[in-house]
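Observations on the model geometry
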Amino acid sequence: MVKTTIEYDDDCIEVDVSKEVYEYLEQDRRRQQAQDRSDRRHLSKGTFEQDCIGSQRVSIYTDETYLEVVHKMELEKLQSALQTLSSDEQVLIDLYYYKDWSMERIGQYFGISRMAVSKRHNRVIKKLKELMGTWVPFSVQKYF
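A quick note: this is a predicted structure, and the numbers were derived from the prediction, not measured.

What follows concerns the pattern of salt bridges. In the structure shown here, the tally under the stated rule is 5 salt bridges. In this structure, Glu26 and Arg29 form a salt bridge, with 2.0 Å as the shortest nitrogen-oxygen distance. Of this pair, Glu26 and Arg29 are both found in helix H1 (residues 19-42), 3 residues apart, which corresponds to roughly one turn of the helix. Here Lys99 makes a salt bridge to Asp94, at a shortest N to O gap of 3.1 Å. Look at the salt bridges and you will find they share partners, linking Glu26, Arg29 and Arg30 into a network.

In structure tokens, the structure reads:
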């Protein structure tokens, strides 16, 4: 007979068991520990947050710091894409989006029709979407 400790809920009991039962219990305990280690390694972030934080979990879409970082990343990516445009394309975007000029007024500036401005605008927007990898920033989605 071998003495072993059996845990039940929060209670531990020492009992005498045969060697075969002891070996079986020890093997089962090791298997359970290995399974627990494996579970902890494979625990997804979402599940981890849910288990650890529960109902206090903050959505990343309402977290101000996250939104500020995403917004800054969006602006940097948009600025990089804008810098690759030709000077006329940059002027068109600047006049239309930043100075709120109408397509007709932009046409007068360039000496072309409103329809030509609209076509250029559409080409520039398509080019920007391609440069940005079809990723459209949250802050300018309404324009695309």
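Even without being glycine, Asp100 reaches a positive phi, approximately 55°. As for its placement among the helices and strands, Asp100 is situated in the loop between helix H4 (87-98) and helix H5 (103-110). Note on Asp100: relative accessible area 64%, which makes it exposed.

A general tendency of soluble globular proteins is for nonpolar side chains to be buried together. Judged by nonpolar contacts, the single largest core of 16 residues is most densely connected at Leu82, Leu85, Leu92, Ile93, Ile106, Val124 and Leu128. Counting only elements with at least two residues in this core, the list comes to helix H3 (64-83), H4, H5 and helix H6 (114-131). Apart from residues no more than four positions distant in its own chain, Ile93 is found in contact with Leu82, Leu85, Tyr98, Val124, Ile125 and Leu128.

Rules and cut-offs
- Residues numbered from 1 in each chain as written.
- Predicted model: local features only at pLDDT ≥ 70, side-chain atom pairs only at ≥ 80, totals over all residues.
- Heavy atoms only, no water.
- Salt bridge = Lys/Arg side-chain N within 4 Å of Asp/Glu carboxyl O.
- Helix = DSSP H or I, 4+ residues; strand = E, 2+ residues; numbered from the N terminus.
- Buried < 20%, exposed > 50% of the residue type's maximum accessible area, 1.4 Å probe, protein only.
- Core = buried A, V, L, I, M, F, W, Y, C linked by side-chain atoms within 4.5 Å.
- Contact = heavy atoms within 4.5 Å.

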